Amino acid sequence: MKLEKIIIITPKDNQTNIRVPFTLDHDCEILEIMFKYGPAYASDEDALPFIMKMLPRYTDSEVTWEMAKQYLPVENLVTLSLAYENHYLGARHTKDSDQKIVLSEKESSLGFPTLPIKKGEWELQLNVHNTCSPELIAHVIVEAKGGFHEAIRSRTA
């Protein structure tokens, strides 16, 4: 069936993985994941202090606001990875903030293997590479298609 989650991501989540575990009660033909988040870019007002803080790690020069402005705009970046029965399957490392990922035995999206969609314990991870915005809203929908009804249920992380 379908699992839908809204996840709030903040700068404290930078360089972490947010787990979204779920269980498939039956084998299915297709696993479809819709994933989007926003805003895709931080406002200049939010990004500039972040740049000013981080830039000294990469230069010996004095860091100025004018230097920092050269790095605008700053993208918020969240990617998605997937595991089955605690075994990593793959990841979609793209800057696209709106994605549709399909897995099946016949064909799968880039970054993921073709494989039978088996019942068991699955886990999405939202890999938070960077967020300069005070808040990102991530929307995840996981839908199991083909096979039995009510095939998917949420687990707590």
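Located above this text is the structure these notes cover.
Reading the values: rules and limits
Residues numbered from 1 in each chain as written. Predicted model: local features only at pLDDT ≥ 70, side-chain atom pairs only at ≥ 80, totals over all residues. Heavy atoms only, no water. Helix = DSSP H or I, 4+ residues; strand = E, 2+ residues; numbered from the N terminus. Pairing = 2+ DSSP bridges. Patch = residues over 30% accessible without salt bridge, like charges linked within 9 Å, V, L, I, M, F, W, Y side chains within 5 Å. Areas by Shrake-Rupley, 256 points an atom, 1.4 Å probe, with all protein chains shown as cover. Salt bridge = Lys/Arg side-chain N within 4 Å of Asp/Glu carboxyl O. Buried < 20%, exposed > 50% of the residue type's maximum accessible area, 1.4 Å probe, protein only. Contact = heavy atoms within 4.5 Å. Core = buried A, V, L, I, M, F, W, Y, C linked by side-chain atoms within 4.5 Å. Axes fitted to C-alpha atoms, helices over the stretch in contact; angles between N-to-C directions. Phe/Tyr/Trp six-rings, centres within 6.5 Å; stacked < 30°, edge-to-face > 60°.

Residue P39 follows G38 across a cis peptide bond; omega there is 5°. Within the fold, P39 resides in the loop between β3 (30-38) and α1 (44-54). Cis geometry is found at the peptide bond from L72 to P73, where omega equals -5°. In this structure, Q15 takes a positive phi of about 55° despite not being glycine. One can find Q15 in the loop between β1 (2-9) and β2 (16-24).

Looking along a regular strand, one sees side chains alternate from face to face of the sheet. Direction of pairing for β1 relative to strand β8 (residues 136-145): antiparallel, over a ladder of eight bridges. When the bridges of β8 are listed, I9 appears paired with L136.

Where nonpolar side chains cluster on the molecular surface, the patch consists of I6, I8 and I137 and spans about 260 Å² of accessible area. Overall, I8 belongs to the partly exposed group, its relative accessible area being 41%.

This part takes up the pattern of salt bridges. Close approach of charged atoms allows side chains of opposite charge to pair. For the coordinates displayed, the defined rule picks out seven salt bridges. Close ionic contact of E32 with K100 constitutes a salt bridge, the shortest N to O distance being 3.6 Å. Of this pair, E32 sits in strand β3 while K100 sits in strand β6 (residues 98-104), placing them 68 residues apart in sequence. Classification of E32 by relative accessible area gives buried; the value is 12%.

The next subject is the environment of P113. Position of P113 relative to the elements: it lies in the loop between β6 and β7 (120-130). Taking the C-alpha atoms as reference points, P113 and A91, 22 residues apart in sequence, are found 9.7 Å from one another. Excluding its chain neighbours within four sequence positions, the residues that come into contact with P113 are L89, L103 and S108.

In this structure, L31, L82 and L126 are the most contacted members of the largest nonpolar core, which totals 31 residues. Sorting the residues of this core by element identifies β1, β2, β3, β4 (77-84), β6, β7 and β8 as the ones contributing at least two each. Not counting the four nearest positions on each side in its chain, L126 is found in contact with I7, I9, T16, N17, I18, F35, V78, T79, L80, A138 and V140. Judged by nonpolar contacts, the second largest core, of ten residues, contains A42, I51, M67 and V74.

A few words now on the sheet that holds β6. Sheet architecture is open: four strands sit in the order β1-β8-β3-β6, paired in antiparallel fashion. Two strands close off the open sheet at either side, each with one partner strand: β1 and β6. Going from strand to strand, the sheet's axes swing by 15° on average, the running direction of each strand aside. Pairing geometry for β3 and β8, over nine bridges, is antiparallel. The residue of β8 that forms the bridge with I30 is K145.

Here we come to the packing of aromatic side chains. Taken as a whole and assessed by the stated rule, the structure comprises three aromatic pairs. Pairing F35 with Y37 gives two aromatic rings, centres 5.7 Å apart and planes at 35°, and the pair type is tilted. Of the two residues, F35 and Y37, both sit in the buried class. Between the aromatic rings of Y84 and W122, the centroid separation amounts to 4.7 Å while the plane-to-plane angle is 50°, which identifies the pairing as tilted. Taken together, the positions of Y84 in strand β4 and W122 in strand β7 put the pair 38 residues apart, joining distant regions of the chain. Assigned by exposure class, Y84 and W122 land together as buried. Here a set of aromatic residues connected by ring pairs shows up, and it is made of F22, Y84 and W122.

So yeah, pure geometry; function would need other evidence.
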